[in-house]
Amino acid sequence: MRQYTRRSVTALLGIGALTLAGCSAGSGTRATEATAGGSAAAGPAAENVFKLAFNQSEAHPQFVALSAMGERIKERTGGEYDVDVFPNETLGAQKETIELVQAGTIQFAMVASPLMENYEPNFVVFNLPFVFDSQEHQRAVTNDPGIVSELYSSLEDQNLTVLAGFHGGVRSMYNSEKAITTPADMAGMKIRVIESDTNLEMIRLMGGNGTPMGMGEVYTAIQSGVIDGAENNELTYANSKHAEVAQFYSYTRHLMLPDYLITNPTVMASLPEDVRTIFEEELATAVEEEGALWEDEIVRARKAAEDAGAAFNEVDKEAFDAAIEPLTEAKLTNDVVRDLHAKTRAAAG
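- In the nomenclature of an unreviewed UniProt entry, the chain corresponds to Tripartite ATP-independent transporter DctP family solute receptor from the organism Kineococcus radiotolerans.

Okay, structure coming up:
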């Protein structure tokens, strides 16, 4: 799997670099920008500092892996290139950072997969319930050019492309009112979701009312009663301190959404060939490292959430499976998504 992932991400990057050239590099350094939320590194400033927007904390496996990637790129390019990761929505909520990437204001952003449906509806296929069987299955599919290259490159006329798919955890429900065991328990609950029609419909089928909002607003919204809860993985739940205001975490395990590292196609195309190769290799390594970090971090996150007062419970899985099943059938509406779905399920082995 390690060699397969490296080859796959490299192939995807190569596809994304075939279009326009000529982006401007970011300005600033890790050392100076760390106070504004960027990652910190010792040593002289790089000549070309690329900004990468990230919506979660420095403890998240993606932040750790991407920051290490930036360090390796800086070292391998003799300090000429660097990637500065800005956590905690420092550069804006994910929807805003997509627009910044399109405009060329920043070079990279990590974004949740449902948001990409707003730019290309066929991305829905990876946002459906129970489409992936495991983290390894998800990582293989979302970095396999034979499956995803046409989907990822379909965004290029909108000044976007996907460089790699990362694991985004397994999402479950949490709220401030009570433990959820069946869809009936969610009746009337206002649940924060990532903005997409698919997510809104999913929450409706599960019995609740979906409320789109940025990640940074969720804590206060639950605390003030604007919403009752949210749905996310244990790591985000703990790192965002949502256990303090929503102590009931119920293992619906309804989604395993990938996160995508996106860029403007001009960014990779503008790099000298040798530097682009370094970026490709180090991104492939970051994908692998992020996956390995998840396992330990989930154990740590659950303990931290329990220490903050969280209670975890299992649910009636069959009841939730039955409630959500119509969503998959309703979304497989054209040959492209049906083919992607079939290839994804076949890759499960």
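From this point, the narrative continues.
## Let's talk about the sheet that holds strand E6 (residues 190-193)
Within a beta sheet, neighbouring strands are joined by backbone hydrogen bonds and run either parallel or antiparallel to one another.
Part 1 of the reasoning: If you trace the 6 strands from one edge of the open sheet to the other, you get E7-E6-E8-E5-E9-E11, paired in mixed fashion. Single-partner strands in this sheet number two, and they are strand E7 (209-212) and strand E11 (311-314). Within the sheet, the average angular offset between the axes of one strand and its neighbour, ignoring direction, is 35°.
Part 2 of the reasoning: Along the sheet, helix H8 (residues 197-205) makes contact with strand E5 (171-175), E6, E7, strand E8 (229-232) and strand E9 (248-255), crossing E7 at roughly 150°.

## Points about the packing of aromatic side chains
Part 1 of the reasoning: Counting across every chain of the model gives 17 aromatic pairs.
Part 2 of the reasoning: Ring geometry for Tyr81 and Phe279: centres 6.3 Å apart, planes at 90°, overall edge-to-face. Taken together, the residues Tyr81 in strand E2 (residues 81-86) and Phe279 in helix H12 (residues 273-307) connect sequence positions 198 residues apart. Like Tyr81, the residue Phe279 is buried in the burial classification.
Part 3 of the reasoning: With 5.0 Å between their ring centres and 45° between their planes, Tyr249 and Phe312 make a pair best called tilted.

## Remarks on the pairing of E6
Part 1 of the reasoning: The pairing of E6 with E7 spans 4 bridges and is classified as parallel. Bridging across to E7, Val193 finds its partner in Pro212.
Part 2 of the reasoning: Between the parallel pair E6 and E7, the chain is carried across by H8, and the sense of this crossover is right-handed.

Analysis parameters
- Counting restarts for each chain, with residues numbered from 1 along the sequence as it is written.
- In keeping with the model being predicted, local features are shown solely for residues with a pLDDT of at least 70 and side-chain atom pairs are shown and tallied solely at 80 or more, while totals for entire chains, interfaces and linings include all residues.
- Side-chain metrics rest on all non-hydrogen atoms present in the structure, leaving aside hydrogens and water.
- Each pair of strands is called paired provided DSSP finds at least two bridges between the two strands.
- The helix and strand labels rest on DSSP assignments: H or I over at least four residues marks a helix, E over at least two residues marks a strand, and numbering proceeds from the N terminus.
- Simply put, an axis is a line fit to the C-alpha atoms, just over the touching stretch for a helix, and the angle between two N-to-C directions goes from 0 to 180 degrees.
- Residue contacts follow a heavy-atom distance rule, with two residues in contact if any of their heavy atoms lie within 4.5 Å.
- Any two rings among Phe, Tyr and Trp, with Trp reduced to its six-membered ring, count as a pair given centres within 6.5 Å; such a pair is stacked if its planes are under 30 degrees apart, edge-to-face if over 60, and tilted if neither.
- With a 1.4 Å probe rolled over the protein chains alone, any residue whose accessible area is under 20% of its type maximum counts as buried; one over 50% counts as exposed, and the rest are partly exposed.
- By definition, the crossover connecting two strands over a helix is right-handed if that path, from the first strand to the second, turns clockwise as seen with the strands pointing away from the viewer.

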